[in-house]
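Listed here are the chains, written in short residue letters.
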Amino acid sequence: MGETPFHAVVVIGGGHAGVEAAWAAANMLGGEGTVGLVTLRADTVGTMSCNPAIGGLAKGQLVNEIDALGGLMALAADATGINFALLNRSRGPAVRGPRTQSDKHAYARAIRGMIAARPEIVSYEAAVESFLLEGDRVVGVRLGPGTGEVQLFPETIRAGAVVLTTGTFMRGLMHTGEQKTSGGRFGEGPSVGISAELQRLGFELGRLRTGTPPRLKKSTIAWDRLDVQPPDEMPEPFSTLTPLPGSVGTGWSVGPVRANRFPVLPPTACRKTSTAPDAHEFVRANLHRAPMFRGDLAPGPRYCPSIEDKVHRFAERTSHTVFLEPESLESDWVYCNGIATSLPADVQEVVVRTMPGCENAHVYRWGYAVEYDMVRPHQIEATGRTKRYAGLYLAGQINGTSGYEEAAAQGLVAGVNAALDAMGREPNFVLGRDEAYIGVLMDDLVTRTPVEPYRMFTSRAEHRLQLRSDNAPDRLTPHAMALGLLNTTDLGRQRAEAFASRQQDIESLRSIIAQTRVDGQPMAQALRRPDYDDARFGQDVAMAAGKPFDPRVLRAVSAEVRYEPYIQRQAGEVRRQREMERRRIPTHVDYRAMTSLRTEARQALDRFRPTTFGQASRLEGVTPADLTLLSVLVARLR
Amino acid sequence: MDTTTTIVAVATPQASSERALIRLSGPNAFDAIDMLAVRPVDRTRGVGTLRLRLPIGVLPTLAVRLCAPASYTGQDTVELLPPGSPTVVDALVRALLALPHVRHAEAGEFSARAYLSGRLTLEQAEGVAASIAAVTDAQLDAAQRLLQGQTGRRYAKLVDDLASALALVEAAADFAEEEHVVPIAAGDLRQRLDAMLDMLEREMEGRMGREAASARPLAVLAGAPNAGKTSLFNALLARHRAVVSPVEHATRDAIVEPLAIDHPTLGVVTIDLADLPGLPEHATTPLDEQERASVQAVIDQAMERADVVLLCDPSGEFIWPGPATLRLRTKADAPESVAPGAMPVSTFTGLNLDRLRLALAEAAVSARQDASAGLLPRHAALARRALDALSRTRQIIAHDPPQGPPREGELAAAEMRRALDALGELGGHVHPDEVLGRIFASFCIGK
């Protein structure tokens, strides 16, 4: 192919960040062939490299938010989930998190099917070797051979903006005991050139690690002997477009993928087993053979310790629970949730074989740790755009995060901004910390350098009571409409209509609440009582309105009323914070010349180059008084 | 720095002076004053006397109203000129800080707003920047001293206890499905909160007790009648304030004046210097019972509050019932008047007066090492906010069964987080990441 194709947005990488970026850019741009998607291997697009699960606490909220913004992940998860559970069901609505295990093959296929259904997106199977630059602007990429079968690709692609999502592939190095293999995922090679290219362009790289457990063959496990972990009887979908169980609706469809009922796939139970004391002894005796204890490994996540880490740090525990999760209805692979490891195969074998029910288990694949390069995220803005080069956006694990949901959320943000950029508009799509977990995520990335792969937790969000699963559309769909994300497809228009009718329901519910008394007190007060649950609330309002309400709307409104006094108390702080976010700081300030600033503040500002006073206020080492001084210094520059 | 909140600060040095100046500026300045005023304020008048309702009673105070943009900051501004007693000023500031959308000004914030609204020129901004930087350093030094002092240590412990408790509450929310996470029991949390509330309440009370006394270190000149105290007082202040009289008991009441001492290493140290009446028992001219009692009362009160006692005795005998910080052999006009352990001083020759000033500054600072004790008003406001948030936490979990987890953990956590943020400047900031770190350190997370 001698010609140089042009795409308004070119996305590099077909993982969870990449596909979401391409999807969002396509939603923004419309048209045909406006988005290019470059991946090493087209048949691995949408792969779940590790645990085939979507959602969880805080992560589930991220998925709801992606859905509210017209994204991909919630739809794919609903269409392919085989074990839905709402975590923290017994706790307050702000800390409930929807989760599912998906059929990993069905999931990746759904993603590929939905991407393929978009005329906007053109795929290439190739590796990116370098960027085409015009001054400080990235205007395209130079390609080399990928690792797939198709070796047909243009030498260069020109682009309005480029989104780079490398996952764990940049100089990926996998460890199993003493054995090291180059690659970003089992059986797949690394991308090497891109790291050198980023360094050449002046980016500061860092290195992180994550791990994965062994996979077993289900038919060799004494499955029926083990405790059952059933899914929820009344599963809850992620997307507001997916019908609730038992309800008849049109649902949605994109290309070959659809959900006109729920759940789509038959629910599948997991099983539970546990590690044995003998295995712990054996692990302890072999700790010196684990790469992380040889001290030559990049930092890994504290929230997802390997089995060797658990044995070492929590020596008093003689057993850990292991969840055996079927990876797919189409295969008999089982994921061992709880024993991620980089120990040599012979030690892994002892750990597996001493777990009850797994005495004769066949190991399909050994666990491994993978190390990879990241671009330290202080070098991007909260839009995903690099501060160094216009037109270049980074999303996903390259920014030091972990998790499909965190990656997808960044992909969406970067995809929207790259599209704005390519359209000649200001790439300024940033969500506030009080608006979305996505906002918290992007803001944390640009104000603190991750020391471990960054994962979302509800406790990271100071406005957690507002950032709920139940109100994601109310918080974010208006943004999607204002951006134009819902104008280009039937699905988008369907979402906009559903949102409008939801808003009507919410309005009428609010007025019923204002006019109704329950047990001699105003309904709003009753809703703050623990014994007045959603079931009673539903009955009472149905009676008042003469028609039942959608349970999802009921839930959103009851949570809103319940938390209202607390949210009110934060209103002043939110207002103040928004004002700080509104006040911008130019990125090219010469902080070193601002000698009246304290050295510590000057260094932090020089490194992170915050784009707003709000970001500056969250930097370590910057005090309120420093900000006062900075506001004078910055105003003088104008 | 945001410009939408209304900021307040005391513009006069914290001392007993005739009038203090408290400045309130921002979009809410007028509304805020209305909320404190006994009667609705006449907004057409620029200057007038307002009657403000404070916890200590109704305070009539002179007020000047400046409408935006015709004020220093370019925003609506109210300048209050209450009587300069530290107690009154403190009560007023505290009442203002309790109003919605009002907070304490950061260092240099009035000037920063003035510049941002175009009220200052570029050249003036240079000066403003330099002075903010200087105040910032001083403020950080003060904060540093606070953190290192005993008060700071008490707050640091409180912050640590609170962060640990919050980690346990958060663990139950973020890691509920983890098998090894044991949620904190409501009863346990109640006990911890009670201990924290108790500590904070004691801190706040202690502060008020101390502040009623004085905001600045107090040095008193004590000694027998006619020991030369008043001459020394005037010489140290380098002016004639008190009536110097060869007649005993010319000084019947304690006279207090601020004295700023420029110390080469400590910087400018400002103290209150009090000239006490002579001790009645050393009087050569007898006083009647009533006079004696009233003089004694003045002395006792001042001695109780004093951080530094300068004992003056021209004879060098230093017969004195109470503690003395420095012994001064006054009227040491002749070189032979040396007494062991005492500094000879002379207001006549100026002997050792400079040395005495420096010694006075050092004594005052060391006496107040722990007097970070007296929290700055902004710090007190933060401690108050923490106290309120913890009280609300306590209410949220008040009726939960003691053995079970808090039923509304997310609400308890929200209030605890507010308290922790408020205490940041007093006991060290705790980032949410650090709370997570505490969870990972105490529980085996990761199934």
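Just so it is clear, the model here is predicted, and its values are computed rather than measured. (Residues numbered from 1 in each chain as written. Chains lettered and ligands numbered in written order. Predicted model: local features only at pLDDT ≥ 70, side-chain atom pairs only at ≥ 80, totals over all residues.)

### Looking at the sheet that holds strand β11 (residues 205-212) of chain A
Residues and elements named next belong to chain A. Pairing within the open sheet is antiparallel, and its four strands lie in the order β10-β9-β20-β11. The open sheet has two free edges, formed respectively by β10 (179-182) and β11, since each of these has just one partner strand. When the angles between neighbouring strand axes are averaged without regard to direction, this sheet yields 25 degrees. Both strand β9 (residues 173-176) and β10 contribute to a ladder of four bridges, which runs antiparallel. Of the residues in β10, the one forming a bridge with H175 is K180. (Pairing = 2+ DSSP bridges. Helix = DSSP H or I, 4+ residues; strand = E, 2+ residues; numbered from the N terminus. Axes fitted to C-alpha atoms, helices over the stretch in contact; angles between N-to-C directions.)

### A closer look at the domain arrangement of chain A
Split into domains, chain A comes out as domain 1 (6-207 + 372-482), domain 2 (215-231 + 267-366), domain 3 (510-578) and domain 4 (583-637). Taking only C-alpha atoms, the centre of domain 3 of chain A and the centre of domain 4 of chain A are 43 Å apart. (Domains from an automatic or database assignment.)

### Some remarks on the nonpolar core
The biggest cluster of nonpolar side chains holds 237 residues, and the ones touching the most others in it are A:V9, A:A22, A:A25, A:V162, A:V163 and B:V169. Ranked by residue count, the leading element in this core is helix α5 (residues 150-174) of chain B, at 13 residues. Judged by nonpolar contacts, the second largest core, of 33 residues, contains B:L221, B:F233, B:I261 and B:L360. (Core = buried A, V, L, I, M, F, W, Y, C linked by C-beta atoms within 7 Å. Buried ≥ 20, exposed ≤ 12 C-beta atoms within 10 Å, placed from the backbone.)

### Comments concerning the interface of chain B and chain A
On the side of chain A, 47 residues touch chain B, which itself brings 44 residues to the contact. If one sorts the elements of the side of chain B that touches chain A by residue count, helix α4 (residues 122-148) of chain B sits on top with ten residues. (Contact = placed C-beta atoms within 7 Å.)

### Remarks on the sheet that holds strand β16 (residues 270-274) of chain A
Residues and elements named next belong to chain A. Pairing is antiparallel across the open sheet formed by six strands, whose spatial order is β13-β16-β17-β18-β12-β19. Two strands bound the open sheet, and with one partner strand each, they are β13 (227-229) and β19 (363-365). Strand after strand, the sheet turns through a mean of 40 degrees between neighbouring axes, direction not considered. Across four bridges, strand β17 (residues 321-326) lies against strand β18 (residues 333-337) in antiparallel orientation. Within β18, the position partnered with F323 by the bridge is N337.

### Looking at unusual backbone geometry
Note the cis peptide between A:F262 and A:P263, where omega equals -5 degrees. With respect to the helices and strands, the residue A:P263 is situated in the loop between β15 (257-259) and β16. B:A68 connects to B:P69 through a cis peptide bond whose omega is 0 degrees. With respect to the element layout, B:P69 can be found in the loop between β5 (57-66) and β6 (77-81). Phi angles above zero are rare outside glycine, and A:R609 is one such case at about 45 degrees. With respect to the secondary-structure elements, A:R609 resides in the loop between α16 (599-608) and α17 (613-617). Using a count of 20 C-beta atoms within 10 Å as the deciding quantity, one classes A:R609 as buried.

### Structural notes on helix α6 (residues 277-285) of chain A
Note: α-helices contain 3.6 residues per turn, so residues at a spacing of three or four share the same orientation. All names here are of chain A. Turning to α6, its buried residues number three or more, namely A279, H280 and V283. The arc that holds every buried residue of α6, seen down its axis, measures 100 degrees, which confines them to one face. Exposed and facing more than 90 degrees away from the buried side of α6 are P277, D278, R284 and A285. On its buried face, α6 sits against α7 (307-313) and α8 (345-353). (Arc of directions from axis to C-beta.)

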